[in-house]
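# Coordinate inspection notes
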Amino acid sequence: MPSSGSDKNTPPLICDLSFFAVIGFSGNDALSFLHNQLSCDVAGLTSETSTYGSYCTPKGRMLTTFLLWRLGDDFLMQLPSALREPIQKRLSTFILRSKVKAADASNEWIKLGLAGKGAAALIGRSFGQVPRAAHGVAHLDGSTIIRLPVDRFEIVAPKHKAPIIMESLAGEADMAEPEYWDWLDIRAGVPVITPATQEQFVPQMANLDVIGGVSFTKGCYPGQEIVARMHHLGKLKQRMYLANITADERPQPGDKLYSADTGKQSSGMIVNAARSPEGGYDALAVIQIASAERGDVRWKSPDGLSLKFLSLPYKI
């Protein structure tokens, strides 16, 4: 696995993001439909912005997290490939008479992640324009450049442009394994819901409210009443934390965590984990706030490996 990229002489790293799928939404009612289904502020999106968000059950539990951006009047939702079909099918059942079409757009695009020192400069040289702020978007000759938190970039381009784009980047960036991008998401504090963690968390438990994935000023959407009540009444008892586990095997989404103050009852759950270039596995985990503040949280059993808490790039 590549180094963490702290060496100023380390070239940018490029990752193939084909493990993500894309659902395309088109039609005159696409904006209003999505705004009424998702936790984020879809109406506030412009062609120059993107957002994280979630799609919830009526009980406020997340079925998926995603990255959403506009392409003209259409919207593209990026989510794990394993969730694309069930999420598209579920959303489609609510379209009814709305003028909206949801389609699998995964094969229409290549998706590449670029990170590390010099990534912004390389984007500038290759595409002539660099989005300035996190979640900024630039559309250039059919391709889309999205600036993600912690100075990462995603390139979304028509498939026929793949050879040209790869050629322009290959000489100045090293290829990295997909797990490296998982690790970058984890270090950025961005949760990715998978089949193992569907319906486990209200958005705030996984810090979606902190990273801009929840709007508390919009109207109703599935689960909105639960999400809003938790926000306004301040009854949140769990939050997502970043930690390292010095394990030989990779912790898995859904693995339970334990703490002395909860005994044999689980105090949390792994959301995502990836090998760390600094050793062990870094993980995002939703944990009882009281247990996390005590500091002694263990993986898989009350006497399992301890979690070493790390700092998130934002405050919770």
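This report concerns the structure included in the present document. (Residues numbered from 1 in each chain as written. Predicted model: local features only at pLDDT ≥ 70, side-chain atom pairs only at ≥ 80, totals over all residues. Heavy atoms only, no water.)

What follows covers the sheet that holds strand β10 (residues 152-158). Judged by pairing direction, the sheet is mixed, and its six strands sit side by side in the order β8-β9-β10-β7-β1-β11 without closing on themselves. Looking along the sheet, the strands with just one partner apiece sit at the ends: β8 (137-140) and β11 (174-176). Taken pair by pair, the neighbouring strands of this sheet meet at an average axis angle of 25°, ignoring direction. Alignment of strand β9 (residues 143-148) against β10, held across five bridges, turns out to be antiparallel. Each residue of the ladder has a partner; that of I146, found in β10, is E154. Packing of helix α3 (residues 119-127) onto the sheet brings it into contact with β7 (109-115), β8, β9 and β10, and relative to β10 it is tilted by some 25°. (Pairing = 2+ DSSP bridges. Helix = DSSP H or I, 4+ residues; strand = E, 2+ residues; numbered from the N terminus. Axes fitted to C-alpha atoms, helices over the stretch in contact; angles between N-to-C directions. Contact = heavy atoms within 4.5 Å.)

Where charged atoms from two side chains of opposite charge come close, those side chains can pair. Under the criterion given, the structure shown has 16 salt bridges. Across the pair E177 and R275 runs a salt bridge, and its minimum N-O distance is 3.2 Å. Residue E177 is found in the loop between β11 and α5 (178-187), and its partner R275 is found in strand β14 (residues 268-275); the two are separated by 98 residues along the sequence. Exposure remark for E177: the relative accessible area of 42% places this residue in the partly exposed category. Since its relative accessible area comes to 29%, R275 is described here as partly exposed. With its nearest N and O atoms 2.8 Å apart, the salt bridge here joins R239 to D209. (Salt bridge = Lys/Arg side-chain N within 4 Å of Asp/Glu carboxyl O. Buried < 20%, exposed > 50% of the residue type's maximum accessible area, 1.4 Å probe, protein only.)

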